[in-house]
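Close look at the chain arrangement
Each chain is listed here by its residues.
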Number of protein chains: 2
Amino acid sequence: MKIKKNEVAVFAIGGLHEIGRNMYCVQYQDEIIIMDCGIKFPEDELLGINYVISDYSYLVKNREKIKALVVSHGHEDHIGGIPFLLEKIPEIPVYATPFALALIKSKCEEHGILDKTELHVESEDLVLQFDKLSVSFFRTTHSIPDTLGIAVHTPLGAVVFTGDFKFDLTPVMNQPAPNFQRMAQLGEEGVLALLSDSTNAEVPQFTKSERFVAGSLHNIITGIKGRIIFATFASNLYRVSTAIKAAIDTGRKVAVFGRSMENGIQNGIELGYLNVPDNLIVDAETINSLPPEKVMILCTGSQGEPLAALSRIANGTHRQIKLHPDDTVIFSSNPIPGNTLSVNHLINKLMEGGAHVVHGRVNNVHTSGHGGQEELKLMVELSKPKYMIPVHGEYRMQVVHAHLAQQAGVPAENTFVLKNGEVVCFSPEGARIAGDLHVKDVFVDTSGAADVGNVVVRDRQILSEEGLVVAVATVDYKHKRVLAGPDILSRGFVYMRESQDLINAAQKHVYHILKTEMAKDEKPKDSEIRKAIIENLQDFLYSRTERRPMILPMLIEKK
Amino acid sequence: MKIKKNEVAVFAIGGLHEIGRNMYCVQYQDEIIIMDCGIKFPEDELLGINYVISDYSYLVKNREKIKALVVSHGHEDHIGGIPFLLEKIPEIPVYATPFALALIKSKCEEHGILDKTELHVESEDLVLQFDKLSVSFFRTTHSIPDTLGIAVHTPLGAVVFTGDFKFDLTPVMNQPAPNFQRMAQLGEEGVLALLSDSTNAEVPQFTKSERFVAGSLHNIITGIKGRIIFATFASNLYRVSTAIKAAIDTGRKVAVFGRSMENGIQNGIELGYLNVPDNLIVDAETINSLPPEKVMILCTGSQGEPLAALSRIANGTHRQIKLHPDDTVIFSSNPIPGNTLSVNHLINKLMEGGAHVVHGRVNNVHTSGHGGQEELKLMVELSKPKYMIPVHGEYRMQVVHAHLAQQAGVPAENTFVLKNGEVVCFSPEGARIAGDLHVKDVFVDTSGAADVGNVVVRDRQILSEEGLVVAVATVDYKHKRVLAGPDILSRGFVYMRESQDLINAAQKHVYHILKTEMAKDEKPKDSEIRKAIIENLQDFLYSRTERRPMILPMLIEKK
């Protein structure tokens, strides 16, 4: 892949053909600006993968070119990868808004790299000036405070990344409305390419304002008699703020559960976003001593995460909070597609415990943080980009978003529906796909430390579907004898106590293969014999059970 | 659990606190009527489970009391368990409507039990008269032809099971509207208990008629220029019929892919439901020789099932049909919650192939087969039950349904939100929960033959999340020596080639445990040593990797 001297290259290392793991780069000559560095949550937690990060190898190879990592906002899918990136390239200066910065700090602290990390506060007034590129910012609105769009200024015009945004014209918590003047001005000055949020590209609406939800939530909360358990995303300070305000207005004390919720509130107070009177927030013991109508519990777990506070309350495994039959649980959130089933389970569990559950859009207790079709078109009209690259969305959303851009005046041949790793280069002559970085998925599991390889994940998948059979024997290749075994052990295949006949037959079968294979050659080859066992035993077991477990032959050679 | 002589017992073996696996029983003295016998699809196919059937042990124990299995309609979650039940209790006479019966026949044939099975055609005119109980039927509407509600007449009144239903007042395909007269008459005569479909109990609507969808589909299809790929549930003959009619009207030939779709159409033709002119349906070769505007492909896989025709077309692995860039794919279906992600993937894949995709409710190409709140209340008003048992739904839906019944006049204390296995007994004195049959889940995997035990499934889950480590050694307990090994092998844990240090250290660790444990006793106990290896090695590996793989110690004793 070769970027020419007069070309501005734009590529994604994450965030295309997927929702999550946002990471976009602009390169001009020997300068690279990285925008966001997120993680993705896997669709299947069964394989022990906790999250998926991006493939940083191109950046590692070109580390001396990287000028800055600029962050649009503090959501995990935009900042979660930062410590992993910095472990590989510690010298990258990171710029983020105050709320995002507080979250990034905790992450770096957890990874033990805070002292080696260069962190800067980012705001709409900041301009980063490098040799050839400069970066400026513009205010937008999203479901977390302190959200900025990013403009990377190049000799060919600005590359504008919207970040996650909606146009909330009546934001809450004293957050300013989006800076339409600055966006329009970018359009005036000349936008080379617009990278815009495709999450709600299929939704033919203008997303409802947070103020609307705040009013509706306040009404609902003031009408409730018993205890209130209020669950939302820890980072959605708007909802937390609304809940706290309603608690104050109805004379309730508030107890907070879930580490990320505690941190979020702490950060919100420290940064001056949350106005929490003394003595409002109390500990578990105090809250349990108060009458139900004086209690609000704020907690994490609105996506049905099994270890979060709400799931533990529902399952009766929470150390301090037991569910009461007249509790009201409010989900101020919507399940993301992969979590529908777990949220379903959670709601069932809570209702089985007798709680009243308020959930879903019908109750107006949630609105999206992403703009719908009208807002996306408005963003195009404001920034008037020459080229359009839909980002942050599944392929289908990127395609629809490209059509919207075309409706708003971007020529079809100037819209690029890319995939991760594809590099598009812009020059005065036009645009071209310059190559593919072939970025792979990088899996991270519980430990948070090591990468889990693709081989390991594939093995886990086979194991999970068919189980395994271990065949073990001690052999003497020299005298072509089976000294001990073969023994057969299985897990996840058949219930061994009830399948003794099958196991015995398999044992005899392996013995036979061993003898046959050892007889074949003067010097029996270990790898050949293993291969023969795998193939023969697999066929044998399939013929008996129609299952194909993983076969592990273990031959111990007696020397 | 004791049912008294004057009591009518009602219980579910499946279908409560879940959607799927419907199976309801009415028992009076020595007579049992079974209503439906379904399967459930597991939420997680990763564990190699293909479906979950019900626990038939109570029925096996009381087999001489069973008078009949009566079937409401031909969906898998109502008939899929029948061959498994009949394998245990072959003598049960089965009654089903023609379309369901055709499907049941194929199932019994596949299981090789057709000749031992007593199958009868069921219709609204049939009355089954037993010594103490009798059974009658009433016409309803649902997303499959030939749907009946069931009334089991007892000395205390009728126990009415709605089956899956909506009130489609303008059904298509010459199907009659629901028999409101008969339902009202049951209410007149006295309904003891109503078991009613809770699937859409949370939906505050009257479900749209099939006729509405048929019109909308016809309009969409006639407007399409290129090839049409039409996907729906194989059993939804209404959609198949609409598609076929539109194909005729627009001069297209039709090719059918997917075995269940072929069977469905075959059954539909044979039973006189589908009117298909000669030469309309052509084979793959012919369809590939026609111009795009003359082609309609009917196929299975609208739920994103990976092996179904549509997925294979999308992935380019279909033997006969390749996706063209100007194909239009119509999903005449909605993803059920557990399938949201796979349907998402499928739509992305199709769009990546250039196809135009029509999906979702916004296009009016689908309507539910289940009645919403207004229909559920109407069912209560018609049948005027003394007691109400919401069935076929998650707990949350059962609870909402119970509230709806209360709004329609059933006293709160007469509504029973039960779980599978709970037995409610009705007598002239009142109602009581008589006990719990403690029904367990029975897992069935690919082979379709054997049950997969709970232990096996749990093992698969551990294996899938953390992988496994096998430690194998040949030991001589008598002389307390390790003759060969220990060798360490892992799968799904760490990538072994890159973790040689860890493996070596683990090897030494196990050697040490073996020596220590053998030294402890005069006669070392195999089970004790295994236990020591599992515990010690697990701690050791956790300290190094923060993962807890399954440990399999295999000790081969040299005799």
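Residues numbered from 1 in each chain as written. Chains lettered and ligands numbered in written order. Predicted model: local features only at pLDDT ≥ 70, side-chain atom pairs only at ≥ 80, totals over all residues. Heavy atoms only, no water.

**Topic: the overall build of chain A**
- Secondary structure summary: chain A contains 16 helices and 25 strands in total.
- Structurally, chain A occupies a C-alpha span of about 85 × 70 × 45 Å along its principal axes.
- When burial is assessed residue by residue, chain A has 60% of its 559 residues classed as buried.
- Looking at chain A alone, contacts between residues at least 24 apart form 72% of all its contacts between residues at least 6 apart.
- Charged side chains of chain A number 58 positive and 68 negative; the gap between the two group centres comes to 5 Å. (Helix = DSSP H or I, 4+ residues; strand = E, 2+ residues; numbered from the N terminus. Buried < 20%, exposed > 50% of the residue type's maximum accessible area, 1.4 Å probe, protein only. Contact = heavy atoms within 4.5 Å. Lys, Arg positive; Asp, Glu negative; His and termini not counted. Charge placed at Lys NZ, Arg CZ, Asp CG, Glu CD.)

**Side note on the confidence of the model for chain A**
- Scored by pLDDT, chain A comes out at a mean of 90, with 95% of its residues at no less than 70.
- With a pTM of 0.79, the predicted complex shows an ipTM of 0.73. (pLDDT = per-residue confidence, 0-100.)

**Re the domain arrangement of chain A**
- Along its sequence, chain A is carved into domain 1 (6–203 + 366–441), domain 2 (209–359) and domain 3 (452–555).
- Between the C-alpha centres of domain 2 of chain A and domain 3 of chain A the distance comes to 53 Å. (Domains from an automatic or database assignment.)

**So, the packing of helix α15 (residues 500–520) of chain B against helix α16 (residues 526–545) of chain B**
Residues and elements named next belong to chain B.
- In contact at an axis separation of 10 Å, α15 and α16 are set at 150° when each is read in the N-to-C sense. It follows from the interaxial angle that α15 and α16 lie roughly antiparallel. Crossing handedness for the pair α15 and α16: right-handed. In contact with L502, A505, A506, H509, V510, I513, L514, E517 and M518 of α15, α16 contributes E528, I529, A532, I533, N536, L537, F540, L541, R544 and T545.
- Class assignment for the residues of the contact of α15 with α16 results in 13 nonpolar, 3 polar and 3 charged. (Axes fitted to C-alpha atoms, helices over the stretch in contact; angles between N-to-C directions. Parallel < 35°, antiparallel > 145°, perpendicular 65-115°, else oblique. Left-handed = near helix turned anticlockwise from the far one by under 90°. Nonpolar A, V, L, I, M, F, W, Y, C, P; charged D, E, K, R; others polar.)

**Some words on helix α5 (residues 180–189) of chain A**
All names here are of chain A.
- Among the residues of α5, those classed as buried are M183, L186 and G187. Seen from one end, α5 has its buried residues packed into an arc of 100°, which puts them on one side. Among the exposed residues of α5, those pointing more than 90 degrees away from its buried face are Q181, E188 and E189.
- Where the residues of α5 are buried, they touch β9 (134–139), β10 (148–154), β11 (157–161), β12 (191–197) and α12 (373–383).
- A distance of 3.3 Å separates the backbone nitrogen of Q181 from a side-chain oxygen at the start of α5, and that oxygen is part of N179. (Arc of directions from axis to C-beta. Polar contact = N/O pair within 3.5 Å; in protein donor to acceptor, adjacent residues only side chain to side chain.)

**Here we look at the sheet that holds strand β8 (residues 128–129) of chain B**
Residues and elements named next belong to chain B.
- Spatially, the 6 strands line up as an open sheet ordered β8-β9-β10-β11-β12-β18, and their pairing is mixed. The sheet terminates laterally at β8 and β18 (385–391), the two strands that pair on one side only.
- Pairing geometry for strand β12 (residues 191–197) and β18, over 6 bridges, is parallel. Residue pairing across strands places D197 opposite V391, the latter belonging to β18.
- Against the sheet, helix α5 (residues 180–189) makes contact with β9 (134–139), β10 (148–154), β11 (157–161) and β12, and its axis sits at roughly 140° relative to β9, the strand it touches most.
- Against the sheet, helix α13 (residues 395–407) engages β12 and β18, with an angle of about 160° to β18. (Pairing = 2+ DSSP bridges.)

**Some remarks on the sheet that holds β9 of chain A**
Residue and element names in this part refer to chain A.
- Strands sit in the order β8-β9-β10-β11-β12-β18 across an open sheet of 6 strands; the sheet is mixed. Edge strands, defined here as strands with exactly one partner in the open sheet, are β8 (128–129) and β18 (385–391).
- Most of the contacts of α5 go to β9, to which it runs at about 140°, and overall it touches β9, β10, β11 and β12.
- Lying on the sheet, α12 is in contact with β9, β12 and β18; it crosses β12 at an angle near 165°.

**Quick word on a nonpolar patch on the surface**
- Together, L169, F206 and L378 of chain A make up an exposed nonpolar region whose accessible area comes to about 260 Å².
- Relative to the assigned elements, F206 of chain A resides in the loop between β12 and α6 (210–222). (Patch = residues over 30% accessible without salt bridge, like charges linked within 9 Å, V, L, I, M, F, W, Y side chains within 5 Å. Areas by Shrake-Rupley, 256 points an atom, 1.4 Å probe, with all protein chains shown as cover. Salt bridge = Lys/Arg side-chain N within 4 Å of Asp/Glu carboxyl O.)

**Quick look at unusual backbone geometry**
- In the Ramachandran plot, H17 of chain A falls in the positive-phi region, its phi being about 55° despite a non-glycine side chain.
- Mapped onto the secondary structure, H17 of chain A falls in the loop between β1 (8–14) and β2 (23–28).
- In this structure H17 of chain A comes out as partly exposed when scored by relative accessible area, which is 28%.
- Here the phi dihedral of D36 of chain B falls at roughly 70°; this positive angle occurs in a residue that is not glycine.
- Mapped onto the elements of the fold, D36 of chain B is located in the loop between β3 (31–35) and β4 (49–53).
- Assessed through its relative accessible area of 0%, D36 of chain B is described here as buried.

**What about the pairing of strand β24 (residues 481–491) of chain A?**
Residue and element names in this part refer to chain A.
- The pairing of strand β23 (residues 468–476) with β24 spans 8 bridges and is antiparallel. Residue pairing for β24: V472 is matched across the bridge by D487.
- Linking β23 back to β24 in an antiparallel pair, the connection comprises 4 residues, with K480 at a positive phi of about 55°.

**Digging into helix α13 (residues 395–407) of chain A**
- For α13 of chain A, with 13 residues, the first-to-last C-alpha span of 19 Å sits near the 18 Å given by 1.5 Å per residue.
- Lining the buried residues of α13 of chain A we find β12, α12 and β18 of chain A together with α11 (340–352) of chain B.
- Where α13 of chain A terminates, the next one or two residues include G409 of chain A, which has phi positive at roughly 110°. (Expected span 1.5 Å × (residues − 1).)

**Quick look at the UniProt feature "binding site: Zn(2+) 1" (unreviewed entry) in chain A**
Residue and element names in this part refer to chain A.
- The positions that UniProt labels "binding site: Zn(2+) 1" (unreviewed entry) are, in the present scheme, H73, H75, D77, H142 and H392. Taken along the chain, the residues just named run across 320 residues; in space they keep tight, none of their C-alpha pairs more than 14.0 Å apart.
- With respect to the helices and strands, H75 occurs in the loop between β5 (66–70) and α2 (76–79).
- H75 gets classed as buried once you look at its relative accessible area, which sits at 15%.
- In contact with H75, other than residues within four places in its own chain, are G80, H142, S143, I144, D164 and S235.
- Here D77 lies in helix α2.
- Looking at D77, the relative accessible area reads 16%, which means it is buried.
- If we skip the residues at most four places from it in the chain, D77 touches G20, R21, N22, G38, I39, D164 and H392. (UniProt positions renumbered as here; feature names shortened; annotations may be inferred.)

**A few points about the packing of α6 of chain A against helix α7 (residues 237–249) of chain A**
Residue and element names in this part refer to chain A.
- Their axes nearest at 10 Å, the elements α6 and α7 cross at an angle of 35°. Classified by chirality, the crossing of α7 by α6 is right-handed. On α7, the residues touching E210, V213, A214, L217, H218 and I221 of α6 are Y238, R239, T242, A243, K245, A246 and D249.
- Class assignment of the residues belonging to the contact of α6 with α7 gives a composition of 7 nonpolar, 2 polar and 4 charged.

**Examining the pairing of strand β2 (residues 23–28) of chain B**
All names here are of chain B.
- Counting buried residues in β2 gives 6 out of 6 residues, a clear majority hidden from the surface.
- Burial along β2 is two-sided: the face carrying M23, C25 and Q27 and the face carrying Y24, V26 and Y28 are both buried.
- Where β2 meets β3, 5 bridges bridge the pair, whose relative direction is antiparallel. The residue bridging C25 from the neighbouring strand is I34, located in β3.

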